[in-house]
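The primary structure of each chain is shown beneath.
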Amino acid sequence: MTAPALVLVAHGTRSTKGVQMIAALAEAVAKDLGAGVPGTEEKPWVRTAFVDVLGPSPAEVLRDLATPAGDSVPAVVVPAFLASGYHVYQDVPREVSESGHPATVVTPAMGPDPALARIMKMRLRAAGWTPGDAVVFAAAGSSDARARQDVRRAAALLAERLGTGVRIAYVATGAPRVPEVVAELRAAGARRVFVASYLLAHGLFQQRLHEAGADGVAEPIGVHPAVVRLIADRYRAAAREMVRARAR
C-alpha cells in the first residue's frame, strides 16, 4: 500500500530567504518521516505548494501525484499557517476541489500550539529580551474572526511561557499596528520593547517588524525541530487514518 503523500502548503513570499526556509522545512519533515507509515510500503513523498505570490499551487501539486502506473497517490495536505483564516478555510479547500484528486485529507493548521510558544520564547531570548522588557506579539493579521481568535490564543500561550503579559499587534491586516503598539509601550514607561514574531518565514512582513522602532526583533519561527515534529505529527495522524480506512 502506497504511503499518502504530504503536501505542505505555505502562503508564499518573494523573499528568497523565505522560500529557502520553506524548502528546508519540507526537507526536514521528509527526513523525520523516513520510517514511513505503518501499513505502507515506502516512505511518503513530501511536496510543497503555495496559495499566493508563487507556485506551484496546491491543485497543481495534487494533480501531479501519480504512480508510474498512473494511479493517484493519496495525499495529506498540511496547511503551514499559524492561524486559520481565509487561506485555510477557503483557499486550501478550493484548491483541493479544483485538483480533482480522489483521496485527499486536510489537517488542522500548525498554530496556535504550545510548541510554537516555546520557540518564540527562545527567539526572543536570542534577540536580547530579558524578563521585565515589554513584548509585542506581532502577527500578520487577518479579516477573519477565527484567525484573530487563533492569534489571541497564541499570544496567551506565549504570555504564559514568558510569565508576563504581551500586547498583540498586526503587520498587515487589522489594528493596532506594530509601530503604534511599540510607541504606546514606550509612552507608558517601558524601558525596552521587543517584538515577538508570529511569522513562519522571512519576507516583507518580517522586514516591517525591524522598522517598527523596537529595541529588538525576534527571528520568525522558521525551521526548528519542534516545528518539524508538529507538521510530521499532523501528517501521521491523518495518514494512519487513511491507511486504516483503505485496509477495511
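Everything that follows concerns the structure shown earlier in this document.
Nothing here was measured: the structure is a model prediction, and the numbers come from that model. (Residues numbered from 1 in each chain as written. Predicted model: local features only at pLDDT ≥ 70, side-chain atom pairs only at ≥ 80, totals over all residues. Heavy atoms only, no water.)

Looking only at helices and strands, one finds 8 helices and 8 strands in the protein. The globule rule puts the C-alpha radius of gyration for 248 residues at 18 Å, and the 19 Å found for the protein is close to it. Principal-axis analysis of the C-alpha atoms places the extent of the protein at approximately 65 × 30 × 30 Å. Considering only intrachain contacts with a sequence separation of at least 6, the fraction spanning at least 24 residues in the protein is 73%. About 11400 Å² of surface is accessible on the protein, with carbon and sulfur atoms providing 51% of the total. (Helix = DSSP H or I, 4+ residues; strand = E, 2+ residues; numbered from the N terminus. Rg over C-alpha atoms; globule rule 2.2 N^0.38 Å. Contact = heavy atoms within 4.5 Å. Areas by Shrake-Rupley, 256 points an atom, 1.4 Å probe, with all protein chains shown as cover.)

It is worth spelling out the pairing of strand β7 (residues 193–198) at this point. Summarising burial for β7: 6 of the 6 residues are buried, a large majority. Residues Val193, Val195 and Ser197 point to one face of β7 and Phe194, Ala196 and Tyr198 to the other, with burial holding for every one of them. As paired elements, strand β5 (residues 134–139) and β7 share 6 bridges and run parallel to each other. Bridge assignment links Ala139 to a residue of β7, and that residue is Tyr198. (Buried < 20%, exposed > 50% of the residue type's maximum accessible area, 1.4 Å probe, protein only. Pairing = 2+ DSSP bridges.)

This part is about the packing of helix α4 (residues 114–127) against helix α5 (residues 145–162). Closest axis-to-axis distance for the α4/α5 pair is 9 Å, and the angle between their directions is 55 degrees. Classed by the angle they form, the pair α4 and α5 counts as oblique. Crossing of α4 against α5: the hand is right-handed. In this structure, α4 contributes Pro114, Ala117, Arg118, Met120, Lys121 and Leu124 to the contact, and α5 contributes Leu157, Leu158, Arg161 and Leu162. Residues belonging to the contact of α4 with α5 are distributed by class as follows: 7 nonpolar, no polar and 3 charged. (Axes fitted to C-alpha atoms, helices over the stretch in contact; angles between N-to-C directions. Parallel < 35°, antiparallel > 145°, perpendicular 65-115°, else oblique. Left-handed = near helix turned anticlockwise from the far one by under 90°. Nonpolar A, V, L, I, M, F, W, Y, C, P; charged D, E, K, R; others polar.)

Bringing the sheet that holds strand β3 (residues 75–79) into the picture now. Strand order in the open sheet formed by 4 strands is β2-β1-β3-β4, with parallel pairing between adjacent strands. What marks the edges here is a single partner per strand, and that holds for β2 (46–50) and β4 (104–106). The sheet shows a mean angle of 25 degrees between the axes of neighbouring strands, direction not considered. Sheet topology places strand β1 (residues 5–10) next to β3; 5 bridges connect them, and they run parallel. From the neighbouring strand, Leu8 faces β3, where its bridge partner is Val78. Across the face of the sheet, helix α1 (residues 16–32) comes into contact with β1 and β2 while running at roughly 150 degrees to β2.

Moving on, we get to the sheet that holds strand β8 (residues 216–217). In space, the 4 strands of this open sheet follow the order β6-β5-β7-β8, with parallel pairing throughout. Both edges of this open sheet fall to β6 (167–170) and β8, since each of them pairs with a single strand only. Relative to β8, β7 runs parallel, the two being bridged by 2 bridges. Bridged to Phe194 within β8 is Gly216. Contacting β5, β7 and β8, α4 runs over the sheet at an angle of about 140 degrees to β7.

As a further point, take the pairing of β3. Counting buried residues in β3 gives 5 out of 5 residues, a clear majority hidden from the surface. Covered by surrounding structure in β3 are Ala75, Val77 and Pro79 together with Val76 and Val78, the residues of both alternating faces. Note: β3 against β4, 3 bridges, orientation parallel. When the sheet's bridge partners are listed, Ala75 is paired in β4 with Thr104. The handedness of the β3 to β4 crossover, carried by helix α3 (residues 86–99), is right-handed. (Right-handed = clockwise from strand over helix to strand, strands pointing away.)

Next up on the list: the pattern of salt bridges. In this structure the tally under the stated criterion is 12 salt bridges. The partner of Glu98 in a salt bridge is Arg94, and the shortest N-O contact between them spans 3.7 Å. Residue Glu98 and its partner Arg94 are both found in helix α3; the two are separated by 4 residues, about one turn of the helix. By relative accessible area, which is 36% here, Arg94 ends up partly exposed. A salt bridge links Glu184 to Arg167; its shortest N-O distance comes to 2.6 Å. On the criterion of sequence distance, the pair formed by Glu184 in helix α6 (residues 178–187) and Arg167 in strand β6 is long-range, its members being 17 residues apart. One salt-bridge network, in which partners are shared between bridges, spans Asp91, Arg94, Glu95 and Glu98. (Salt bridge = Lys/Arg side-chain N within 4 Å of Asp/Glu carboxyl O.)

Function cannot be read off these values alone, since they describe shape.
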